[in-house]
Amino acid sequence: MSALRILVPVKRVIDYAVKPRVNKAQTGVETAGVKHSMNPFDELSVEESVRIREKKSAPGGVEDICVISAGPTKAQDVLRTAMAMGADRAIHVETKPDDDLEPLTVAKLLKAAAEQQKSNLVILGKQSIDDDANQTGQMLAGLLGWPQATQASKVEFGEGDIVSVTREVDGGVETVRAKLPMIITTDLRLNEPRYASLPNIMKAKKKPLEKKTLADFGITGEKRLKVLKVMEPPPRQGGGKVEDVDGLISKLKELGAI
Amino acid sequence: MFIPWRSSTLKFSSHVPCHRAFTTTTPRPLMATAGFTETQLTVRDAVKQVCAAFPPTYWRENDQLAQDPAEFHAALAKDGWLGIALPEDLGGAGLGVSEATIMMQTITESGAGMAGAQSIHANVYATQPLARFGTEAQLQETIPGIIKGETRICFGVTEPDAGLDTLSLSMVAKRTADGGYKVTGKKIWITCAQVAKKMVLLARTTPREEGRKASEGLSLFCIDLDRGHPGLEMRRIQKMGGRAVDANEVFFDEYPIPGDSLIGEEGKGFKVILHGMNAERCLLAGEALGLGYAALGKAAKYAKERVVFGRPIGMNQGVSHPLADAYMKLEAAKLATYHAARLYDASREDKSIRMDEVGVACNSAKYLAAEAAFTACERAVLAHGGMGYAVEYDVERWFRECLVPRIAPVSREMILNYVSEKVLELPRSY
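Residues numbered from 1 in each chain as written. Chains lettered and ligands numbered in written order. Predicted model: local features only at pLDDT ≥ 70, side-chain atom pairs only at ≥ 80, totals over all residues. Heavy atoms only, no water.

1. A look at unusual backbone geometry
Okay, step 1: Residues Leu180(A) and Pro181(A) are joined by a peptide bond in cis, for which omega reads -5°.
Okay, step 2: For Pro181(A), the position within the fold is in the loop between strand 9 (172-179) and strand 10 (182-186).
Okay, step 3: In this structure, Pro409(B) follows Ala408(B) across a cis peptide bond, with omega equal to -5°.
Okay, step 4: Mapped onto the secondary structure, Pro409(B) falls in the loop between helix 11 (403-407) and helix 12 (412-422).
Okay, step 5: Even without being glycine, Gln151(A) reaches a positive phi, approximately 50°.
Okay, step 6: Tracing the backbone through its elements, the reader meets Gln151(A) in strand 7 (residues 148-157). (Helix = DSSP H or I, 4+ residues; strand = E, 2+ residues; numbered from the N terminus.)

2. Section: the pairing of strand 6 (residues 121-125) of chain A
Residues and elements named next belong to chain A.
Okay, step 1: A large share of strand 6 lies buried, amounting to 5 of its 5 residues.
Okay, step 2: The pairing of strand 1 (residues 4-9) with strand 6 spans 2 bridges and is parallel. Looking at the pairing, Ile6 lines up with Leu121 of strand 6. (Buried < 20%, exposed > 50% of the residue type's maximum accessible area, 1.4 Å probe, protein only. Pairing = 2+ DSSP bridges.)

3. Let's talk about a nonpolar patch on the surface
Okay, step 1: Taken together, Val242(A), Val245(A), Leu248(A), Ile249(A), Leu252(A) and Ile258(A) make up a surface patch of nonpolar side chains, about 490 Å² in accessible area.
Okay, step 2: One can find Val242(A) in the loop between strand 11 (209-213) and helix 6 (245-254). (Patch = residues over 30% accessible without salt bridge, like charges linked within 9 Å, V, L, I, M, F, W, Y side chains within 5 Å. Areas by Shrake-Rupley, 256 points an atom, 1.4 Å probe, with all protein chains shown as cover. Salt bridge = Lys/Arg side-chain N within 4 Å of Asp/Glu carboxyl O.)

4. A few points about the domain arrangement of chain B
A common measure of how large an interface is: the accessible area buried when the components associate.
Residues and elements named next belong to chain B.
Okay, step 1: What the domain assignment reports for chain B is domain 1 (7-133), domain 2 (153-269) and domain 3 (270-422).
Okay, step 2: On a C-alpha basis, the centres of domain 1 and domain 3 stand 18 Å from each other.
Okay, step 3: Contacts between the two partners involve 35 residues from domain 1, matched on the other side by 37 residues from domain 3.
Okay, step 4: Between domain 1 and domain 3, the buried area comes to about 3100 Å², and carbon and sulfur atoms account for 63% of it.
Okay, step 5: Three residues stand out in domain 1 for area buried against domain 3, namely Leu30, Val97 and Met114, and they jointly supply 21% of the buried area on that side.
Okay, step 6: Scanning the region where domain 1 abuts domain 3 turns up 2 salt bridges.
Okay, step 7: If you look at where domain 1 meets domain 3, you find 17 residue pairs in polar contact (both at pLDDT 80 or more).
Okay, step 8: Mapped by element, the contributors of at least two residues to the side of domain 1 that touches domain 3 are helix 2 (56-65), helix 4 (97-125) and helix 5 (127-133).
Okay, step 9: Tallying contributions element by element places helix 4 first for the side of domain 1 that touches domain 3, with 20 residues.
Okay, step 10: Along the lines of polarity and charge, the residues of the side of domain 1 that touches domain 3 split into 18 nonpolar, 12 polar and 5 charged. (Domains from an automatic or database assignment. Contact = heavy atoms within 4.5 Å. Buried area = accessible area lost by both parts, 1.4 Å probe. Polar contact = N/O pair within 3.5 Å; in protein donor to acceptor, adjacent residues only side chain to side chain. Nonpolar A, V, L, I, M, F, W, Y, C, P; charged D, E, K, R; others polar.)

5. Notes on the interface of chain B and chain A
Okay, step 1: In this assembly, 22 residues from chain B lie in contact with 23 residues from chain A.
Okay, step 2: Contact between chain B and chain A buries roughly 2200 Å² in total, counting both sides, with carbon and sulfur atoms accounting for 63%.
Okay, step 3: At the junction of chain B with chain A, the criterion picks out 2 salt bridges.
Okay, step 4: For the salt bridge of Asp45(B) with Lys35(A), the shortest nitrogen-to-oxygen distance reads 3.5 Å.
Okay, step 5: At the junction of chain B with chain A, the criterion picks out 2 residue pairs in polar contact (both at pLDDT 80 or more).
Okay, step 6: A breakdown of the residues in the side of chain B that touches chain A according to their chemical character gives 9 nonpolar, 7 polar and 6 charged.

6. Focus: the packing of helix 3 (residues 103-116) of chain A against helix 4 (residues 136-144) of chain A
Describing two packed helices takes the angle between their axes plus the distance from one axis to the other.
Residues and elements named next belong to chain A.
Okay, step 1: Direction vectors running N to C along helix 3 and helix 4 enclose 50°, while the axes themselves pass 8 Å from each other. The orientation of helix 3 relative to helix 4 falls into the category oblique. Here helix 3 and helix 4 pass one another in a crossing that is right-handed. For the pair helix 3 and helix 4, contact is made by Pro103, Leu104, Val106, Ala107, Lys108, Leu110, Lys111, Ala114 and Glu115 and by Thr136, Met139, Leu140, Leu143 and Leu144, respectively.
Okay, step 2: A class-by-class count of the residues in the contact of helix 3 with helix 4 yields 10 nonpolar, 1 polar and 3 charged. (Axes fitted to C-alpha atoms, helices over the stretch in contact; angles between N-to-C directions. Parallel < 35°, antiparallel > 145°, perpendicular 65-115°, else oblique. Left-handed = near helix turned anticlockwise from the far one by under 90°.)

7. Describing the UniProt feature "domain: Acyl-CoA dehydrogenase/oxidase N-terminal" (unreviewed entry) in chain B
Okay, step 1: In the numbering used here, UniProt assigns the "domain: Acyl-CoA dehydrogenase/oxidase N-terminal" (unreviewed entry) feature to residues 37-150 of chain B.
Okay, step 2: Taken end to end, residues 37-150 of chain B is 72% helix and 0% strand, and its first and last C-alpha atoms sit 31 Å apart. (UniProt positions renumbered as here; feature names shortened; annotations may be inferred.)

8. What to know about the environment of Gly290(B)
Residues and elements named next belong to chain B.
Okay, step 1: Within the secondary structure, Gly290 sits in helix 7 (residues 269-305).
Okay, step 2: Overall, Gly290 belongs to the buried group, its relative accessible area being 0%.
Okay, step 3: For the pair formed by Gly290 and Met104, sequence separation is 186 residues and the distance between their alpha carbons is 7.8 Å.
Okay, step 4: In contact with Gly290, other than residues within four places in its own chain, are Gln105, Thr108 and Glu109.

Right, here's the structure in full:
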């Protein structure tokens, strides 16, 4: 089996615990001064890559784990976190503040990166918790012409570059099999990401972080979509409390429900 | 809504939820973080994640049952945090007091309070003189085990009859024929002595009458605490706060220790520990700040949610102003604390920084942070009204604990004396 060269795209997003607020201009959510962290689904991808190496689950071994992120300078924070978790090196594609990358642009960027880095496995989060688009992995598979296994809950390696991926579907689990090179996207049940330990945080500072631009990959940040307006969802209407079962029945009758 | 799922791989006792708890901290923490270095913020984030597995229920229960938070110590050790300020070649991270201080602050601020801090405090701080003055063999034998959490260590300096007058310590280590020592005397307020395998001990090797200078004649040792051995006894002290962590009187009676347990030169022990004292003041200041911010955050939340007379109590300026005032005091103390820590770290390389300058900064920081924490904790209890007196709301626990940084490792009065003498150049009163 070929040694794995894993590419792991990671995204810096508003922390899951933060309640996002729509900005005054209603063009997006407020990001200034808000805590950001690594997209949780990407943490799963990093964790899985590191586990494949640690557990020696791939017969050919893991030659390289490279994380890549496109975003502002601050995106380097999540790359360092990924390296503290165990990735070997990082590529930071610096974007300008008004470059709002769409899934297709990201997929094109990743295609160029996967080719450049000679990757044979790309593990992505199934979606990022900011846009919830759930498109990049699938688009990347299409552009590269590689097989894809999305929403993985288990990844197993066999002989002859065969990879079996279990995915949770409605009513059960489905196992798909494909041959490297391939795309895997991660789902919640895949693993439980580790916290970076202090020695690994220190080591990560010394791991290589390459700085690039979109142009280095022959990509322009052209937009196909236009955001018209971003609004808060309407506040939830409070329900009413009833005293007892009789109260409930009469209320339902009153509303014409029974 | 995305649900966090992550858990630690540690096995906890049943009352600790294995899965990462929903964080109850506000998305925007109270403390302003501008001015902190990237490393400090990384430490803060990472330590916060470890602490999130230990919710207030864990600390409440351990406090009430006077039960050692061994799982917490193990979790921090597992991820290498005990080695934060120890040299890299011994398995540490080689960071400074600035980073260790923010780690201690993050621990108390997580709700763990002084109990959480004290369960690891000595491992971070008492190891400093050892790392600096110990022989290669001493370092290899002790430090890696401490970082891994296999060996816990306690710090034995204070004596019942000496108190802050460290130079009048009377515990004696007497040379024996085999080149070792026999130790006799009492130590008090020894935190974690019940669970520690080792103790960094300060004892007199030359009688006070015979020593040329008061600061000579004391020696520092790193000894094994063999609780089954005759000549060593300890008694747990019942105390006001931080009850999860044991504090003890320790009695030595002709307790034998080997000659190679001596750290540095014989008779130079006082100078060796002096080195660590300023660092300890910074750590304590950080711990106090964490308590203060935790209490204030909880009080602000309560004042916003608690409705009396048809409106949140926080709308009353009688409630909000004391809290706003406490916030500013904490912020000011924070600046003093991290200034002192920065100065301490810089003084290692930069010899133009005078030691008394560092001493004044570290003592001032400890004083201001302890007072700010006390103000914040007391007002947090009061803002909660009757509920502030209930264990369930945690603020009473932090209030009990916030007396520690006011008293230890040096009293407020001694700091005032120090500043009077060193800065104002006034005659010494004692």
